[in-house]
Amino acid sequence: VQLVESGGGLVQAGGSLRLSCAASGFTFSSYSMSWYRQAPGKERELVAAITSAGGSTNYADSVKGRFTISRDNAKNTVYLQMDSLKPEDTAVYYCKVKVRWRDYWGQGTQVTVSS
């Protein structure tokens, strides 16, 4: 299983970024996917998740209405569209999948939101 995130960067408050996570090594369309983030000195937290076919999503309260998770099963990729970014969204963002009761993580992509 391999997960590779991309799309992070530096953006001003109020701006947008779109993160991508390219997956390989498993049947992508059969598994739910999720995005987590970890800010300095804080625990890793769930940001958003999406079911295998994309029919159901859920979000952390802190990002509801601003972030959108989606997936393209033909491209084995999950996305996180982040709008109206705030400085408190600054973190390393990771995608995660649980395959056969084991969690797999990508290497993370840094998102920095300046005020």
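Residues numbered from 1 in each chain as written. Predicted model: local features only at pLDDT ≥ 70, side-chain atom pairs only at ≥ 80, totals over all residues. Heavy atoms only, no water.

Visitor: Even after reading the chapter, I still don't get the overall build of the protein chain, so can you show me in this structure?
Guide: Helix and strand counts for the protein chain stand at zero helices and 11 strands. Reading the protein chain from its N end, one meets helices and strands in the order β-β-β-β-β-β-β-β-β-β-β. Here the C-alpha atoms of the protein chain give a radius of gyration of 13 Å, agreeing with the 13 Å that 2.2 N^0.38 yields for 115 residues. Dimensions along the principal axes, computed over C-alpha positions, put the protein chain at roughly 40 × 25 × 20 Å. Looking at the protein chain residue by residue over its 115 residues, the buried ones come to 41%. Excluding contacts between residues fewer than 6 apart, the proportion of contacts in the protein chain whose partners are at least 24 apart in sequence is 51%. Mean positive and mean negative side-chain charge positions of the protein chain (13 and 9 charges, respectively) differ by 5 Å. (Helix = DSSP H or I, 4+ residues; strand = E, 2+ residues; numbered from the N terminus. Rg over C-alpha atoms; globule rule 2.2 N^0.38 Å. Buried < 20%, exposed > 50% of the residue type's maximum accessible area, 1.4 Å probe, protein only. Contact = heavy atoms within 4.5 Å. Lys, Arg positive; Asp, Glu negative; His and termini not counted. Charge placed at Lys NZ, Arg CZ, Asp CG, Glu CD.)

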